[in-house]
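So the chains spell out like this:
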Number of protein chains: 2
Amino acid sequence: MSNAPLVRLAREDDLLDAGALLHDFNTEFGEPTPSAAFLSRRLGELIAAGDTLVLLAYAEATPSGLAVLRLRGAIWSGTLEAYLAELYVVPSARGHGTGHALMLATMQTAKDRGATSMEIGVDEPDAAARALYEKLGFSNRAGTNNDLMFVYEREL
Amino acid sequence: MSNAPLVRLAREDDLLDAGALLHDFNTEFGEPTPSAAFLSRRLGELIAAGDTLVLLAYAEATPSGLAVLRLRGAIWSGTLEAYLAELYVVPSARGHGTGHALMLATMQTAKDRGATSMEIGVDEPDAAARALYEKLGFSNRAGTNNDLMFVYEREL
């Protein structure tokens, strides 16, 4: 029997699963989080607004991970640009290719919708995520001088 | 006479100025660029779609810089998150506070529209931009361990 995870686009009736996974994500990493119910509703609003897609991985019919993809019009061309906003794999499913399968499905989905590039923000010590993204051809260096690219942010 | 630059939201009839500035931006840094006419039209499309705002700085009635702001619904709250997509000051206007004035206006605009955070992607050697953002309270470090935050990207 294959253990390859099934990944598919979340439908309306998957949003409770998706909200619960986002809630577990922040809870696991000690970050404040709204309730699973709020997150389910919020994902539904963003999907309805048209700029957000949620992909869910299932192992034996149990949700084992999710990716949240954002799309927007590019400035320098008439295409779309993609942003991987969230990627989470439940602890019991790690090390079995779930993140990899989610990423492949997310990249394909973005491409199918017309995106020509994808960005991700990653903290330096998040070695597992960085290794996954690098294996998939992502780089945090750009230009002829191979310059590191930083995210700057602040609250408003 | 004050040399403080005037900054305002681009209107429909400012889009030719805005497209020309974006074109000059990439041309100055040796990057490929679509025509100024394409960029003017594209900015108009993105503004009409509702997720993009363009701010222009003027010195003595001449366009001296622009900022392109993107907004989207946040996932973890019901607010918006802001992204500074482009910031450019023409060479003759540098060192006179134009970037600072554009940034203050852009942050205020984002806040007025309901954004509660703003992100920017910056290459490591871009010292002038990094110093400006840091002076304005942006940081490329997050969390209790002050971890560096990287942008990863790839073409699709």
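See above for the structure.
Residues numbered from 1 in each chain as written. Chains lettered and ligands numbered in written order. Predicted model: local features only at pLDDT ≥ 70, side-chain atom pairs only at ≥ 80, totals over all residues. Heavy atoms only, no water.

Draft legend 1. The pattern of salt bridges, seen in detail. What the rule picks out here adds up to 14 salt bridges over all chains. Among the salt bridges present, the one from Glu81 of chain A reaches Arg72 of chain A, with a minimum N-O distance of 3.0 Å. Between Glu28 of chain B and Arg94 of chain B there is a salt bridge, with its nearest N and O atoms 2.8 Å apart. Linking Glu28 of chain B in helix α1 (residues 15–28) with Arg94 of chain B in the loop between β4 (80–89) and α3 (98–112), this pair joins segments that are 66 residues apart in sequence. Judged by its relative accessible area of 34%, Glu28 of chain B is partly exposed. (Salt bridge = Lys/Arg side-chain N within 4 Å of Asp/Glu carboxyl O. Helix = DSSP H or I, 4+ residues; strand = E, 2+ residues; numbered from the N terminus. Buried < 20%, exposed > 50% of the residue type's maximum accessible area, 1.4 Å probe, protein only.)

Draft legend 2. Examining unusual backbone geometry more closely. Residue and element names in this part refer to chain B. Here the phi dihedral of Ala61 falls at roughly 70°; this positive angle occurs in a residue that is not glycine. Using a relative accessible area of 71% as the deciding quantity, one classes Ala61 as exposed. Of note in this structure, Asn146 is not a glycine but carries a positive phi near 55°. Looking at the element boundaries, Asn146 is found in the loop between β6 (141–142) and β7 (147–155).

Draft legend 3. The arrangement of the relation of the copies chain A and chain B in detail. For the pair chain A and chain B, the relating rotation is 180°, the translation along its axis is 0.0 Å, and the fit reaches an RMSD of 0.0 Å. With respect to symmetry, the two chain copies, as superposed, fit the operation of a two-fold axis. It is Phe150 of chain A whose C-alpha, among those of chain A, lies nearest the rotation axis, at 2.2 Å. A share of 100% of interface residues in chain A that are also interface residues in chain B marks the association as one of identical surfaces. (Least-squares fit on C-alpha atoms with pLDDT ≥ 70 in both. Contact = heavy atoms within 4.5 Å.)

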